[in-house]
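Commentary on secondary and tertiary structure
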Amino acid sequence: MSFLLPLGLLALLALPIIVLLHLLRERRQRVPVPSLLLWAHLPRRIDGERSRRLPLTLLLLLHLLVAALLGFALGGPQIAGALAPDARHTALIIDTSSSMAATDGGASRFEQARQRARTLIAATSPGDRITLIAAGPRAQIVVSGEDPFVLTAALDTLRPGGVGAAINEALTLAEAALDPQFSRRIVVVTDGALPPQPARDVAVPVEWVQIGSAVPNRAIIAFASRPWGGRIQVYARVASYDTAPFNGTLRIVSGNQVLAEEQVTIAPNGETEISWTLPGGVETLRAVIDGRDALPQDDSAYLSVAQGRPITVILVSNQPAALRRALEVIPGVTVVATTPAAYATTSERAIADLTIFDGFLPDAWPQGSVLVIAPPPDSSLLRVTSDLQPLDAGAPLRQRGSTLEGLGFGGVVFNAVRRIEPPPWAEVLLASGDLPLILRGRTEGHEIAIWTFDLAGGNLTTRLAFPLLVARTVRDLAPPPLPQAVRAGEMLMIRPDPRATALVIRSPDDRRIEAPVASVVTLDTLIEPGFYTVEEQRGGATVLAGIVGVNAGAAIESNLRPQSAPPLRAPGNDPGSASGQHMIDLWPWLAGAALIVLAIEWVYVLRRR
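Quick notes on the rules
Residues numbered from 1 in each chain as written. Predicted model: local features only at pLDDT ≥ 70, side-chain atom pairs only at ≥ 80, totals over all residues. Heavy atoms only, no water. Patch = residues over 30% accessible without salt bridge, like charges linked within 9 Å, V, L, I, M, F, W, Y side chains within 5 Å. Areas by Shrake-Rupley, 256 points an atom, 1.4 Å probe, with all protein chains shown as cover. Salt bridge = Lys/Arg side-chain N within 4 Å of Asp/Glu carboxyl O. Helix = DSSP H or I, 4+ residues; strand = E, 2+ residues; numbered from the N terminus. Buried < 20%, exposed > 50% of the residue type's maximum accessible area, 1.4 Å probe, protein only. 1 Å grid on protein atoms, 1.4 Å probe; cavity = no way out; pocket = protein on both sides within 12 Å on 5 of 7 lines; lining within 4 Å. Points joined across faces, edges and corners; volume = space filled by probe spheres on them. Nonpolar A, V, L, I, M, F, W, Y, C, P; charged D, E, K, R; others polar. Expected span 1.5 Å × (residues − 1). Pairing = 2+ DSSP bridges. Axes fitted to C-alpha atoms, helices over the stretch in contact; angles between N-to-C directions. Polar contact = N/O pair within 3.5 Å; in protein donor to acceptor, adjacent residues only side chain to side chain. Contact = heavy atoms within 4.5 Å.

Attention shifts here to a nonpolar patch on the surface. Residues Leu7, Leu10 and Leu13 make up a contiguous nonpolar surface patch of roughly 340 Å² in combined accessible area. Its place among the elements puts Leu10 in the loop between strand E1 (2-3) and helix H1 (14-23). The exposure class of Leu10 is exposed, given its relative accessible area of 53%.

Laid out in structure tokens, this is it:
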């Protein structure tokens, strides 16, 4: 016997407490209390009787028995039991990709797959085990066990959605989850909408259950835009997976307004591409094709075209001209210039997304991101030497990181700089010999970049690299805007403002999803096509809201014609090591026995009243 939760055996400490209560029988008047009724008939101590003599009564034995049963039950005891020779462990992989939502034969493919799974679960014998695995854009184990009710309940929670079915990943999960003591097998229920798969070996038998038939479908499989002056260039690609030509109408809609409409003709199993130049000033675009087909989810595509994220920059400098010019040409950037002496009273400090300190540092890091240029030696935030060190003109510059990738510093003169001791939270991106020139790091929620050189002491501000370096640094420090659109189920990475206290996502059906705030938030649950609103909140108030489109259209998901199963090399059968043993939980039996004893004790007490 073993115990799943040995700490539960601490409940056995109730045994000596019960003995003590029986030992310390008191002589005061007894008042029946409902919760203590079972203690009402403790035998009274006889005058002159020794108090340490334990009365061996039926009530004491029943109390001890109940406490012992519950104590052992809390310990989660298990015993080894032999498996039935034909006990089977099945890994049931259900395809949950978008194409499974297609209506095929009067019901959705996913509902047909779910019915096959229910039939398989209902056909299991006592002792059989099933591990349910969902194969969407990523594979995950949903539940594993022997209880058909639990398995069916977990199956009913699954929904189709997301581009791509990670069948290979699901097969790997299944092989790892199957217990070799059982007769093992893998059952894959899918419509086969998969990209070409390489041949692979599987250690256990695989049963491939194909769902669906060849049904025609039309889909918008690409949708993109870009600004063009004050207008927007829009591109769409529409595919028809049908043996007959398709004639239909493609519309571009913003809100409830139709911005463009065009008749399209697509050859059998062909595609067509269309582009427009539309007026600007809109936030979202939706492309709609009157597909009249089995999968309406890919008849619309969504795009957010107002992706600019406003950035407020406070520039603290006594010589701000060059930096200000470079900052003001960055789209979406608003610059507020001030001097070190006036910084403490600058009202924009509370709303600044980025603060640039040129030759000055306060006593504490401000809110938001920070760029420090030529930090002074008397700072409490950074260790900077007071003496200026000239750069070795012959020493090559060492640069690294994506921010500096492709930037050329040839011909740039930095003159002398103060040596800074790199903080443990920062890494050196640019150095001359062992002298750091640019550092980048993050500490206590602050994104920080440090330029150790003085802009007024060299010629960097006159070089082409300067505005590029400023723009890249600002984009690196400030949270990036949301993408225009992602595919359903695709990983969406959000870098919220460090000052955000909550991140709320609202789905197309206005469902609220709250994600924990971190430096980078990753979402993979956006599987319904449509527009999602992402809100960054601070103190319960929304400080920034953005929109991202989620699209279901993709060549691999929208082609609903049956595909052949991937080449899997698997054995024909797996007898399993049925001579092995599996563990049987005893706690339900112990808990049930405790209830029965309690009932007996209850009857015993009532009859004595």
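A separate point is empty space enclosed by the protein. This structure, assessed with the given rule, holds three cavities of 30 Å³ or more. Of the voids in this model, the largest cavity is the one considered here, and its volume is about 60 Å³. Around the largest cavity, the lining residues are Thr403, Leu404, Leu429, Ile438, Leu439, Arg440, Ala449, Trp451, Leu469, Thr473 and Asp476. Breaking the lining of the largest cavity down by element, the ones donating at least two residues are strand E26 (435-443), strand E27 (446-451) and helix H7 (465-477). Tallied by class, the residues present in the lining of the largest cavity amount to seven nonpolar, two polar and two charged.

In this model helix H2 (residues 58-74) runs 24 Å from its N-terminal to its C-terminal C-alpha over 17 residues, within 8% of the 24 Å that 1.5 Å per residue would give. When H2 is considered as a whole, its buried residues turn out to be Leu59, Leu60, Leu62, His63, Val66, Ala67, Ala68, Leu69, Gly71 and Ala73. Downstream of H2 by one or two residues, Gly76 has phi in the positive range, about 65 degrees.

Spatial ordering of the open sheet is given by E14-E13-E16-E17, a layout of four strands whose pairing is antiparallel. Each edge of the open sheet is held by one strand with a lone partner, namely strand E14 (257-266) and strand E17 (300-304). Strand-to-strand, the axes of this sheet are offset by a mean angle of 15 degrees, without reference to chain direction. Across nine bridges, the pairing between strand E13 (residues 246-254) and E14 is antiparallel. Residue pairing for E14: Thr249 is matched across the bridge by Gln263.

Turning our eyes to something else, we now look at the side chain of Asp191. Here Asp191 shows up in the loop between strand E8 (183-190) and strand E9 (200-201). In this structure the side chain of Asp191 is engaged in a polar contact, spanning 3.0 Å, whose partner is the side chain of Arg109. Discounting chain neighbours no more than four positions away, the residues touching Asp191 are Asp95, Ser99, Met100, Arg109, Gln210, Ile211, Pro562 and Gln563.

Moving on to the pattern of salt bridges. Throughout the structure, instances matching the rule amount to 26 salt bridges. Residues Arg118 and Glu111 are paired through a salt bridge, measuring 3.4 Å at the closest nitrogen-oxygen approach. The class of Glu111 is partly exposed, set by a relative accessible area of 29%. Note that Arg251 is salt-bridged to Glu261, the shortest N-O span being 3.1 Å. Placement of Arg251 in strand E13 and of Glu261 in strand E14 is noted, with a sequence separation of ten residues between them. Residue class for Glu261 comes out partly exposed when judged on its relative accessible area of 48%. In the salt-bridge network here, residues are joined through shared partners; they are Glu111, Arg114, Arg118 and Asp156.

Moving on, we come to the sheet that holds strand E19 (residues 333-338). If you walk across this open sheet you meet the eight strands as E19-E18-E20-E21-E27-E26-E25-E23, and the pairing is mixed. With one partner strand each, in any of the chains shown, E19 and strand E23 (397-399) form the two edges of the open sheet. Strand-to-strand, the axes of this sheet are offset by a mean angle of 15 degrees, without reference to chain direction. Here E23 pairs with strand E25 (residues 426-432) via three bridges, running antiparallel. By the bridge assignment, Arg398 is partnered in E25 with Ala431. The sheet strands contacting helix H6 (residues 321-328) are strand E18 (311-316), E19, strand E20 (354-358) and strand E21 (369-373), and the helix crosses E19 at an angle near 165 degrees. Strand contacts of H7: E18, E19, E20, E21, E26 and E27, with the helix running at about 160 degrees to E27, the strand carrying the most contacts.

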